[in-house]
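Spelled out, the chains give:
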Amino acid sequence: MEVDWPGLREIATEVAARAYAPYSGLRVGAAGLTGSGQIITGCNVENASYGLTLCAECGLVNALHARASTGSESEKSLVAVAVVAGDGDPLLPCGRCRQLLLEAGGPRLLVDTAQGPVELGNLLPAAFTGTDLSMRRDGQ
Ligand code: THU
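We now turn to the structure provided with this report.

Here is what the cut-offs are and how they apply
Every chain is numbered on its own, with residues counted from 1 as its sequence reads. With the structure being a predicted model, the display of local features is reserved for residues of pLDDT at least 70 and the display and counting of side-chain atom pairs for 80 or more, all residues being used for whole-chain, interface and lining totals. Heavy atoms throughout the structure, all of them, feed into the side-chain values; hydrogens and water do not. Cysteine sulfur atoms that pair up within 2.5 Å are treated as a disulfide. Here the term buried applies to any residue with accessible area under 20% of the maximum for its type, exposed to any over 50%, and partly exposed to those in between, with areas from a 1.4 Å probe on protein chains only. We count a stretch as a helix when DSSP gives it H or I for four or more residues in a row; a strand needs E for two or more, and each element gets its number in order from the N terminus. Two residues qualify as a contact provided that any one of their heavy atoms is within 4.5 Å of a heavy atom in the partner residue.

Such a bond, covalent and formed between the sulfur atoms of two cysteines, is termed a disulfide. For the coordinates displayed, the defined rule picks out 0 disulfides. Its sulfur unpaired, Cys 43 is 11 Å from the next cysteine sulfur, which belongs to Cys 58. Take Cys 97: it sits in no disulfide, and the sulfur closest to it among the cysteines is that of Cys 94, at 3.6 Å.

Structure, rendered in structure tokens:
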């Protein structure tokens, strides 16, 4: 699927302006393209109890699952993601969000960087996945 990276980055920048980041002062916006061509967004939401902060990618993944859909696999998975700070420049997802995005798009998910798109599998190699759970849990 053709990805309009400048367009995706622009949407992420618009969403970053709506972030709630009074504590860090770092606004973050995320825009994702689904396998069915839809655009999903999220922004960071901070809290006076700092540890409760929600990253922009958390909002994005929540929106991916929360919206009405026919339930098809392509509708529920991401193929490309742009994450930016308030200045519009790409911001690489934190470790927790790389893990979260992995389950929403898999290792081939394309992530925008200042040097161009990279596959998520390169940003999170040797990841823990549901396969580890199913193969290693008690009683298997
Ligand atoms: N933040 C994100 O939204 N996504 C990331 O991948 C990195 C960090 C937010 C969380 C917090 O509100 C602010 O950036 C500073 O850490």
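This paragraph deals with helix α2 (residues 56–66). When α2 is considered as a whole, its buried residues turn out to be Ala 56, Glu 57, Cys 58, Leu 60, Val 61 and Leu 64. For α2, the elements touching its buried residues are β1 (28–34), β2 (39–43), β3 (78–85) and α3 (95–105).

Looking now at the environment of Cys 55. Examined against the element boundaries, Cys 55 turns out to sit in the loop between β2 and α2. Given a relative accessible area of 25%, Cys 55 falls into the partly exposed group. As for Cys 55 and Arg 98, which are separated by 43 residues in sequence, their C-alpha atoms are 11 Å apart. Setting aside its immediate chain neighbours within four residues, Cys 55 contacts Cys 43, Asn 44, Cys 94 and Cys 97.

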